[in-house]
Amino acid sequence: MSYRIGLVGKPSVGKSTFFNAATMNDVPEGAYPFTTIDPTVGEAYVRVDCAAPEFDETCTPSVGVCREGTRFVPIKLVDVAGLVPGAHEGRGLGNQFLTDLNETDVLIHVVDFSGKTDIEGEATEGHDPREDIDFLEEELDEWYLDVLGKGLEKFETRYHGADAAIEEELAEQMSAFGIDKDRMKQVILAEGLELDPDTWDDEDRADLAVEIRKRTKPMVVAANKMDTLEAQANWEEITTDPEYEHLSFVPASAHAEKALKNADEAGVVDYTPGDADFEIVGDVSDEQEAGLDQIGEFVAEYDGTGVQGALESAVFDVLGCIAVFPGSANGSKDEKGVFRDCFLLPEDSTTEDFAFHIHSDIGEGLLHGTDCRSGRQVGTDHELSHRDVIELISTKQAAP
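Anyway, here's the lowdown on the structure attached to this text. Just so you know, these numbers come straight off a predicted model, no measurement behind them.

1. Details of the pattern of salt bridges
Applying the stated criterion across every chain yields a total of 20 salt bridges. Between Glu 312 and Arg 47 there is a salt bridge whose closest N-O contact spans 2.8 Å. One end of the pair, Glu 312, is in helix α10 (residues 307–318); the other, Arg 47, is in strand β2 (residues 40–49), with 265 residues separating them in the sequence.

Okay, here's the thing in structure tokens:
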């Protein structure tokens, strides 16, 4: 299973350029609404320090690649079209946009921090990027509130006057958002509400919808076009605004990332995605050298182009995922190769969770695990850490 990152943004902010830069897929780009009219799914990668060198091994990845000790682990990036004000009312691509979003685990909102596109994606000057951030959250909040309201109506119809658990009804209604009854109860109580919707007013319902949205559809803001002075000025204002403390921001230039990857493929530069520098290794014109110098100044200042950083912020910081390597008694090999796999798991995953993630047969027959670095046996309920190398001891083997 790969985690799915939803890439969203109003028209003309560089969302398709970001997608292409992250996946190097040929998705049309253009400064007009609905350049992308269907959700496009591509493979992107997050970086993990490979464990193989610690065991004096050279890995042989079954998926992804490893470059100089950095493992690039695949994730799915979904380029979702149709974000315009009023999407929750059916405007633009409306409900299809919201449905496509719901297939993702976390969102990256690409925002034009230069302020050169208005709320509709048309060219302008001096637009406040905060309006873009706000309207996406407002669209999602209205969507969640609508679904929550339907759950409350069903509860009232089914259980009027009866002793029933509101968290069960709402969890069933909002199950598509990945929330169960225990988590729903936790959110309700965390909002200081009683488990009795008759005591809730409209503001309580709205606040509850917002909190459920924040917990089930977390978000990273990719502050795109940060290689402009206007964007840099907006960055200072917005990222210090207390209204946005709940969001993660990553400075980015999708254009710079794509230019570097194109140059790397052409043999002009030596560039590893996510690095804060690169080397010119091919012949370039004076104009090309000047352009690369500008990009070099940007990536040095912001520790990369931000495209890789936004992906990793979404997976590791916001979702809290950990990477785990399956190993054997010597920490490295199985019958199919050397450090072939690296799996992304939710935080707080246990040895048993890891076993079932790999295959249900292994999970069902799991006896214990072995920490391949220390050689220590770990129990089925042992909580794993980022970059653990774990051998799974099971009475069953995975089906071929």
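That shown, we press on.
2. What to know about helix α7 (residues 229–238)
Within the sequence span of α7, burial applies to Ala 231, Asn 234, Trp 235 and Ile 238. Each buried residue of α7 lies within a common arc of 110° when the element is viewed along its axis, so the set occupies one face. Among the exposed residues of α7, those pointing more than 90 degrees away from its buried face are Leu 229 and Glu 236.

3. Looking at the pairing of strand β4 (residues 70–79)
Burial analysis of β4 places nine of its ten residues in the buried class, the great majority of the element. Bridge count for strand β1 (residues 4–8) against β4 is four bridges, and the pairing is parallel. Considered in β4, the bridge of Ile 5 is made with Leu 77. Pairing analysis gives ten bridges linking β2 to β4, with the strands arranged antiparallel. Its bridge partner lying in β4, Tyr 45 is registered against Pro 74. What sits between strand β3 (residues 65–67) and β4 in their antiparallel hairpin is a turn of two residues, with Glu 68 showing a positive phi close to 50°.

Cut-off values and rules
Residues numbered from 1 in each chain as written. Predicted model: local features only at pLDDT ≥ 70, side-chain atom pairs only at ≥ 80, totals over all residues. Heavy atoms only, no water. Salt bridge = Lys/Arg side-chain N within 4 Å of Asp/Glu carboxyl O. Helix = DSSP H or I, 4+ residues; strand = E, 2+ residues; numbered from the N terminus. Buried < 20%, exposed > 50% of the residue type's maximum accessible area, 1.4 Å probe, protein only. Arc of directions from axis to C-beta. Pairing = 2+ DSSP bridges.

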